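Structure assessment
The primary structure of each chain is shown beneath.
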Amino acid sequence: MSTKLKIAVQKSGRLQEDSLEMLRECGVRVDNGRDQLKVSASGFPMELFFLRNSDIPQYVADGVADVAILGQNTVTEKEKDLEEVLPLGFARCRLSLAVPKGTIYTGINWMQGKKIATSYPNTLHAFLKKQNIQAEIHEIAGSVEIAPNIGLADAICDLVSSGNTLFMNGLEEKEVLLKSEAAIFASRNMKPEARELLDKLLFRFKSVLAARNNKYLLMNAPNEALDSIINILPGMKSPTVVPLAAEGWSSVHTVISEDRFWEIIDQLKAVGAQGILIIPIQKMIL
Ligand code: AMP
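Residues numbered from 1 in each chain as written. Predicted model: local features only at pLDDT ≥ 70, side-chain atom pairs only at ≥ 80, totals over all residues. Heavy atoms only, no water.

Observations concerning the pattern of salt bridges
In total, this model carries 11 salt bridges according to the counting rule given. The salt bridge involving Arg212 is made with Glu25; its shortest N-O contact spans 3.0 Å. With a gap of 187 residues between them, Arg212 in helix H6 (residues 192–213) and Glu25 in helix H1 (residues 14–25) connect regions that are remote in the sequence. You can call Glu25 partly exposed: its relative accessible area is 22%. The residue Arg260 makes a salt bridge to Glu263 at a minimum N-O spacing of 3.0 Å. (Salt bridge = Lys/Arg side-chain N within 4 Å of Asp/Glu carboxyl O. Helix = DSSP H or I, 4+ residues; strand = E, 2+ residues; numbered from the N terminus. Buried < 20%, exposed > 50% of the residue type's maximum accessible area, 1.4 Å probe, protein only.)

If you want it as structure tokens, here you go:
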């Protein structure tokens with residue numbers, strides 16, 4: 001039987017939807033339901049394992065799955081030695097310490113002797129140890145943010161993305177222990193055939209990520225403005241310039257990165273570009 005790459009994804013939870021969407025964009029289709037533990041994919045020699053988020057690092061460490069899509073924070077917490085192969089840019093969050101609003105917080109020493117509720121005891125323990133803080137860690141599985149209100153803890157250590165949950169529960173973020181996003185993690189003892197498949201899959205992932213981070217930009221400009229426009233455009237390669245039917249005008253095409261585009265559009269308009277179009281790129285082969 002030919003080798004398939006065994007990939008673990010969340011059975012349910014925040015990362016599942018985006019993980020499957022990324023795989024879809026990489027041409028991997030999962031046809032028969034997510035209710036099963038193990039599903040064969042089409043479009044790539046791959047088998048998907050739908051597993052509990054917190055169990056996944058162990059499965060990958062043991063080589064039951066070759067790779068996984070996981071939050072970096074989960075791998076840190078489970079203290080498994082996995083290879084981080086590619087960060088994916090979604091499920092961004094941070095693990096933070098928060099205290100009730102109005103607390104006179106004097107810095108990390110405030111935590112000395114306090115009770116801290118968390119679902120991330122290992123990461124918290126390592127952080128406190130490094131800071132020379134002795135505190136009582138209360139491990140709870142969920143709804144950590146209510147712990148101070150019900151008198152269970154003085155502070156919490158939890159994941160934050162928008163900060164809305166903290167705000168709604170009258171808590172203030174004080175220390176960031178780590179920043180996290182979803183990433184592809186690989187087992188350290190993968191068979192060479194699986195590694196080859198992973199490399200093929202990574203090529204697809206990178207093309208999808210590059211496309212997400214870049215836009216195709218088209219504009220019309222009077223020929224006198226072309227030099228200024230070309231100077232403004234960050235050069236991946238030099239832009240394509242095509243003459244228009246209207247005398248003295250050209251169309252300029254290029255690719256720009258998502259983070260820079262508003263700033264660049266303003267500059268282009270200022271030097272005379274018109275009819276600017278920004279078009280999403282489906283895949284970008286690097
Ligand atoms: P789950 O608890 O299974 O829904 O997934 C939790 C994972 O989603 C975490 O381990 C993080 O990697 C990620 N995540 C991103 N933002 C947040 C957030 N604000 N709260 C909880 N988890 C988050």
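Quick look at unusual backbone geometry
Working note: non-glycine residues mostly have negative phi, and peptide bonds are mostly trans. Positive phi is not limited to glycine here, since Ala91 has a value of about 55°. Counting through the fold element by element, Ala91 comes out in the loop between strand E6 (83–87) and strand E7 (93–100). Take Ala91: its relative accessible area is 31%, and that puts it in the partly exposed class. Unusually for a residue other than glycine, Ser143 sits at a positive phi of about 50°. Residue position: Ser143 is located in the loop between strand E9 (136–139) and strand E10 (155–160).

So, the environment of Tyr216
Along the polypeptide, Tyr216 turns up in strand E13 (residues 214–222). Judged by relative accessible area, which is 29%, Tyr216 ranks as partly exposed. Considering only alpha carbons, one finds Tyr216 and Gly275, 59 residues apart in sequence, at a separation of 14 Å. Ignoring anything within four residues of it in the chain, the contact list for Tyr216 reads His253, Thr254, Val255, Leu277, Ile278, Ile279 and Ile281. (Contact = heavy atoms within 4.5 Å.)

Some points on H6
Taking 1.5 Å of rise per residue, 22 residues should cover 32 Å, and H6 covers 31 Å from first to last C-alpha, within 8% of that figure. Along H6, the residues that are buried comprise Ala194, Leu197, Leu198, Leu201, Leu202, Phe205, Ser207, Val208, Leu209, Ala210 and Ala211. (Expected span 1.5 Å × (residues − 1).)

Section: the site of the ligand
Near the ligand you find 14 residues, and of these Gln10, Arg14, Leu15, Asn73 and Ser161 are the closest. The side chain of Asn73 places a nitrogen or oxygen atom 2.7 Å from an oxygen atom of the ligand. Between the ligand and Thr74, the relevant distance is 3.2 Å, taken from an oxygen atom to a side-chain nitrogen or oxygen of the residue. Considering the ligand on its own, with 490 Å² of exposed area, one finds that the protein chains cover 79% of that surface. Elements with a minimum of two residues in the shell around the ligand: H1 and helix H3 (72–78). Split into classes, the residues belonging to the shell around the ligand amount to five nonpolar, eight polar and one charged. (Near = heavy atom within 4 Å. Polar contact = N/O pair within 3.5 Å; in protein donor to acceptor, adjacent residues only side chain to side chain. Areas by Shrake-Rupley, 256 points an atom, 1.4 Å probe, with all protein chains shown as cover. Nonpolar A, V, L, I, M, F, W, Y, C, P; charged D, E, K, R; others polar.)

Considerations on the packing of H1 against H6
It is the contact of H1 with H6, at a shortest axis distance of 9 Å, that shows an interaxial angle of 105°. Regarding the angle of H1 to H6, the classification is roughly perpendicular. Here H1 contributes Glu21, Met22, Leu23 and Glu25 to the contact with H6, which in turn contributes Phe205, Val208, Leu209 and Arg212. For the contact of H1 with H6, the residue count by class is five nonpolar, no polar and three charged. (Axes fitted to C-alpha atoms, helices over the stretch in contact; angles between N-to-C directions. Parallel < 35°, antiparallel > 145°, perpendicular 65-115°, else oblique.)

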